[in-house]
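The chain contents come next:
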Amino acid sequence: MAKISHFRKQKSFIYLCSHFGTEFLLFLILASAVATNLFLRTNSTRAQTLNRSLFFVYLKNNPERNQPLVDAYESVKQKPEKINLASLSVGQKEVLAATSSNIKSLSGLPGPLPTLAGSALLKPNPSTSGSALPKRDIEVYEVRGGDTVARIAAAYGVSQETILSENNLTTQALIKPGQELKILPMSGVSHKIQKGETLGGIAAKYNVDLETILEYNDIEIPEHILPGEVIIIPNGARVVPPSPQRQTYLASLSKNDFQKIDVPAGYVGGSDLIWPMPAARRLSQKFWSRHRALDIPCRDCAVNASASGIVELAGWQTGYGYTIVINHGQGLKTRYAHASKLLVAAGQSVSQGEQIMISGSTGRSTGPHLHFEIIKNGVLVDPLTLVR
Ligand SMILES: [Zn+2]
């Protein structure tokens, strides 16, 4: 009998634990911080600051913990009567004290009770915490009755393919209430970096612009990415369905117009590079870590080969739009992007200064310009260091 009543006393607390799982652990972390603060309150304000900033750091590094913690806090705050205070140990009372200022008459604690520093701990000011709460996380959605992939996709503003591919579903697959779906923050796919992979290789694999991946994932130095990290490939697709733009392009041109050829290893072309677009010299964007190219604004202007070489690629590339890549041999290549019209085909030899395309605004471009890259042994280098 005594056992049962003891059990009952514990029940509400167990209910709390099982209900909030991980969040409860966080309460304990918080509780220890609060307890230390109480102890040190009169002695050292610096200690408080340190404890508080530890918690800030924890939340900053684990922003996904923030919302569940706030939610759990709200739940506890609203249902203090469900908790049998008498059955709680002192430590547990401290947790409650930290989570609710509504609970009156807690004995054995020095008053006035600390609240969650007025939720400030849980709701760091976005203007001061910078990127502490990124909106680019992968979310988990629990399917409810009546949901369809189309409806979920529309609600999150992503494509249906994004949801299907991220959850390894086929178009015929049925989703059931209770099923958990991973939702990317935008259309595309997630990719876990494998050992030996480079971002350039990943970009090529998904046929997306490296620049787009870098920008979207806030990656400054591509080499600093580590195996095991998950990045999001915006507009990337595992089962490459051609984009409408590319579909139209391919349909309106013969197959030979989209080509990539292998240039013989021993080929030697020109190594002396000239400015590729005589009509314009002003830059709208220079070479920097996340834009390793030059942007030179000009509408419908002639774009010329910077040096003699063989056209290695001519056609549409995601992000770049209509693009030409010239291989100059000896590890040197140049890329010209966003063309309104291509004038040479892959496999063709071009001489220095020969017109290869007309500048435009195709692909991921905000206005007519030439996006000009120089690639030396696979590395994008600042064209201004090499072009006269
Ligand atoms: Zn550019």
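Everything numeric in this text was worked out from a predicted model, so none of it was measured. (Residues numbered from 1 in each chain as written. Predicted model: local features only at pLDDT ≥ 70, side-chain atom pairs only at ≥ 80, totals over all residues.)

On to the overall build of the protein, then. What the protein contains, in helices and strands, is 10 helices and 14 strands. Here the protein holds 388 residues, and 27% of them are scored as buried. Considering only residue pairs separated by 6 or more positions, the protein has 64% of its internal contacts joining residues 24 or more positions apart. (Helix = DSSP H or I, 4+ residues; strand = E, 2+ residues; numbered from the N terminus. Buried ≥ 20, exposed ≤ 12 C-beta atoms within 10 Å, placed from the backbone. Contact = placed C-beta atoms within 7 Å.)

Glancing now at the pairing of strand S9 (residues 321-329). Counting buried positions over the nine residues of S9 gives eight, a clear majority of the element. As paired strands, S9 and strand S10 (residues 332-342) are joined by six bridges and run antiparallel to one another. Bridge pairing in S10 places Asn327 opposite Lys333. The loop that links S9 with its antiparallel partner S10 comprises two residues; one of these, Gln330, has a positive phi angle of about 50 degrees. (Pairing = 2+ DSSP bridges.)

The next thing to look at is the environment of Thr162. In this structure, Thr162 sits in helix H7 (residues 160-166). Judged by the 27 C-beta atoms lying within 10 Å of it, Thr162 is buried. Considered as a pair, Thr162 and Pro234 are 72 residues apart in the sequence and their alpha carbons are 9.8 Å apart. Apart from the residues within four sequence positions on either side, Thr162 is in contact with Ala153, Leu184, Ser187 and Gly188.

We now examine unusual backbone geometry. Backbone geometry at Asn168 places phi at a positive 50 degrees, although glycine is not the residue there. Take Asn168: it is sitting in the loop between H7 and strand S2 (180-183). If you check the backbone angles, His338 has positive phi at about 70 degrees while not being a glycine. Locating His338 in the fold gives a position in strand S10. Residue class for His338 comes out buried when judged on the 26 C-beta atoms lying within 10 Å of it.

Here the focus is the pairing of S10. Extensive coverage of S10 is indicated by the burial of eight of its 11 residues. Here S10 pairs with strand S13 (residues 369-376) via six bridges, running antiparallel. In the strand pairing of S13, Lys333 is matched with Ile375. In this sheet, strand S12 (residues 355-359) lies alongside S10 in antiparallel orientation, the contact comprising three bridges.

What helix H8 (residues 199-206) keeps buried is the set Ile202, Ala203 and Tyr206. For H8, the angular spread of buried residues about the axis comes to 100 degrees, placing them on one side. Of the surrounding secondary structure, the elements contacted by the buried residues of H8 are strand S3 (188-192), helix H9 (210-216) and strand S4 (230-234). Backbone geometry just downstream of H8 places Asn207 in the positive-phi region, at approximately 55 degrees. (Arc of directions from axis to C-beta.)

What follows deals with the nonpolar core. Among the nonpolar cores identified, the biggest contains 28 residues, and Val303, Ile324 and Tyr336 are the most heavily contacted of them. Elements supplying a minimum of two residues to this core: strand S6 (294-297), strand S8 (309-317), S9, S10, S12 and S13. Counting residues in hydrophobic clusters, the runner-up holds 17 residues, among them Ile163, Ile183, Leu214 and Ile232. (Core = buried A, V, L, I, M, F, W, Y, C linked by C-beta atoms within 7 Å.)

Turning our attention to the confidence of the model for the protein. On average, residues of the protein score 72 in pLDDT, and 59% of them reach the 70 mark or higher. In the predicted structure, residues 79-83 sits below a pLDDT of 50 and forms eight contacts with residues beyond four places in sequence or in another chain. (pLDDT = per-residue confidence, 0-100.)

Glancing now at the environment of Ala203. Along the chain, Ala203 turns up in helix H8. A residue is classified by how many C-beta atoms lie within 10 Å of it, and Ala203, with 22 of them, is buried. The sequence separation of Ala203 and Ile233 amounts to 30 residues, and the corresponding C-alpha distance is 8.0 Å. The contacts of Ala203, once residues within four sequence positions are left out, are Val208, Asp209, Leu210 and Ile213.

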